[in-house]
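Residues per chain are reported as follows:
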Amino acid sequence: MMMDKNEEEKLDRLFDFFREIDKEKLITRQTYVTGARRMEDDAEHAWHMAIMAIMLSEYSNEKIDVLKTVSMLLIHDLVEIYAGDTYAYAGVSKQEQHDREAQSADRLFGMIPEEGKKLRALWDEFEKADTPEARFAHTMDNIQPMMLNDYTGGKAWKEHGVHLSQILKRNEHTAEGSQILWEYARDKIISPHVGKEIKE
């Protein structure tokens, strides 16, 4: 079967996009991987959260479309290819971060104007956090780095001088996606590193 010119051009655009998003593997985060050997990258973060969402979806406060949630988690940090990673405790305003990342989303998803509309819509939905899927995705995005911090003895928190008040502020909406997972994270992941129980 012969490929027509339009199909070839579409595939060229898509593969240019696939090559571009490989750069996500170069974006280093401020969370250590197993054994604190090195920092994880954005692609590893996305993969880890996607698996977690599949396995933990039953704990969502609301019924969710798991595939949609996983898709959201896989694409939401692609914008950091141009915007860079913003450390959760860096003191950068949410608005400043959003504006920088929205410009990056325009550029990245604009590479594939037709196909990129779906990805941009998922990214916008994640940013607004006003659907069950987006709320659960945010819960995963908050708990995954906390889990790794716990697994590495709180190393990144200690290195950055992160205080309990900052962790609680960062997670003030985590329970909106899953009350059960927030309580688990609070009691089993955060509390051991602050030397006391954390109560609501």
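Right, let's walk through the structure included here. Everything numeric here is computed off the predicted structure, so don't read it as measured data. (Residues numbered from 1 in each chain as written. Predicted model: local features only at pLDDT ≥ 70, side-chain atom pairs only at ≥ 80, totals over all residues. Heavy atoms only, no water.)

1. Considerations on the overall build of the protein
Let me state the cut-off plainly: By the criteria applied, helices consist of DSSP H or I runs no shorter than four residues and strands consist of E runs no shorter than two, each listed in order from the N terminus. We compute the radius of gyration from the C-alpha atoms alone; for a globule the expected value is 2.2 Å times N to the 0.38, where N is the number of residues. We call a residue buried when its accessible area falls under 20% of the maximum for its residue type, exposed when it is over 50%, and partly exposed in between, using a 1.4 Å probe and counting protein chains only. Whether two residues are in contact is decided by their heavy atoms: any pair within 4.5 Å suffices.
Within the protein, the secondary structure is distributed over 10 helices and two strands. The secondary structure elements of the protein, listed N-terminal to C-terminal, are α-β-β-α-α-α-α-α-α-α-α-α. By the compact-globule yardstick of 16 Å for 200 residues, the protein fits well, its C-alpha radius of gyration being 18 Å. In terms of principal-axis extent, the alpha carbons of the protein reach across some 65 × 35 × 30 Å. Burial statistics for the protein: of 200 residues in total, 43% are counted as buried. Within the protein, residue pairs in contact and separated by at least 24 positions form 68% of the contacts whose partners lie at least 6 positions apart.

2. Points about the environment of histidine 48
Take histidine 48: it is sitting in helix H2 (residues 42-56). Given a relative accessible area of 22%, histidine 48 falls into the partly exposed group. Residues histidine 48 and glycine 110, spaced 62 residues apart in sequence, show a C-alpha to C-alpha distance of 27 Å. Aside from chain neighbours lying at most four places away, what touches histidine 48 is Gln144, Met147 and Leu148.

3. Examining the environment of alanine 175
Note that alanine 175 resides in the loop between helix H9 (164-170) and helix H10 (179-194). A relative accessible area of 18% means that alanine 175 is categorised as buried. A C-alpha to C-alpha distance of 8.4 Å links alanine 175 and asparagine 61, two positions 114 residues apart in sequence.

4. Remarks on the pairing of strand S1 (residues 28-32)
Across a regular strand the side chains alternate sides, sitting on one face of the sheet and then on the other. Stated formally: In this analysis, strands are considered paired if DSSP registers two or more bridges between them.
Bridging between S1 and strand S2 (residues 39-41) involves two bridges; their strand directions are antiparallel. Residue pairing across strands places tyrosine 32 opposite methionine 39, the latter belonging to S2. Connecting the antiparallel pair S1 and S2 is a turn made up of six residues, with glycine 35 showing a positive phi of about 75 degrees.

5. Thoughts on a nonpolar patch on the surface
How we decide: A patch consists of residues exposed above 30% relative accessible area that lack any salt bridge, with like charges linked at up to 9 Å and nonpolar side chains (Val, Leu, Ile, Met, Phe, Trp, Tyr) linked at up to 5 Å. Here, Shrake-Rupley sampling with a 1.4 Å probe gives the accessible areas, and only protein chains in the shown set may cover a residue. Only one rule defines a salt bridge in this text: a Lys or Arg side-chain nitrogen within 4 Å of an Asp or Glu carboxyl oxygen.
A cluster of nonpolar side chains, Trp47, Ile51, Ile54 and Met55, forms an exposed patch at the surface whose accessible area comes to about 450 Å². Within the element layout of this structure, tryptophan 47 appears in helix H2.

6. Describing the nonpolar core
Rules: We call a set of buried residues a nonpolar core when its members are Ala, Val, Leu, Ile, Met, Phe, Trp, Tyr or Cys and they connect through side-chain atoms within 4.5 Å of each other.
Ile75, Phe109, Trp123, Met140, Met146 and Trp157 are the most contacted members of the largest nonpolar core, which totals 39 residues. Looking at this core, the elements with two or more residues in it are helix H1 (5-21), H2, helix H3 (66-75), helix H5 (94-109), helix H6 (116-128), helix H7 (132-151) and H10. With near-sequence residues (within four places) excluded, isoleucine 75 lies in contact with Phe109, Leu119, Leu122 and Trp123.

7. Points about the packing of H5 against H6
Helix packing for two helices is described by the angle between their axes and how far apart those axes are. Quick reminder of the rule: Note on geometry: axes are C-alpha line fits, over the in-contact stretch for helices, and angles between N-to-C directions span 0 to 180 degrees. Angular relationships are summarised with four words: roughly parallel below 35 degrees, roughly antiparallel beyond 145, roughly perpendicular across 65 to 115, and oblique for the angles in between. Each crossing gets its hand from how the near helix is turned against the far one by less than a right angle, where anticlockwise is left-handed and clockwise is right-handed. Polarity classes work like this: nonpolar for Ala, Val, Leu, Ile, Met, Phe, Trp, Tyr, Cys and Pro, charged for Asp, Glu, Lys and Arg, and polar for all others, with Gly in that last group.
In the contact formed by H5 and H6, the axes pass within 10 Å of each other and the chain directions differ by 165 degrees. With respect to their mutual orientation, H5 and H6 come out roughly antiparallel. For the pair H5 and H6, the crossing hand works out as right-handed. Across the interface between the two elements, His98, Glu101, Ala102, Ala105, Asp106 and Phe109 of H5 pack against Gly116, Leu119, Arg120, Trp123 and Glu127 of H6. Looking at the contact of H5 with H6 residue by residue, the classes come out as five nonpolar, two polar and four charged.

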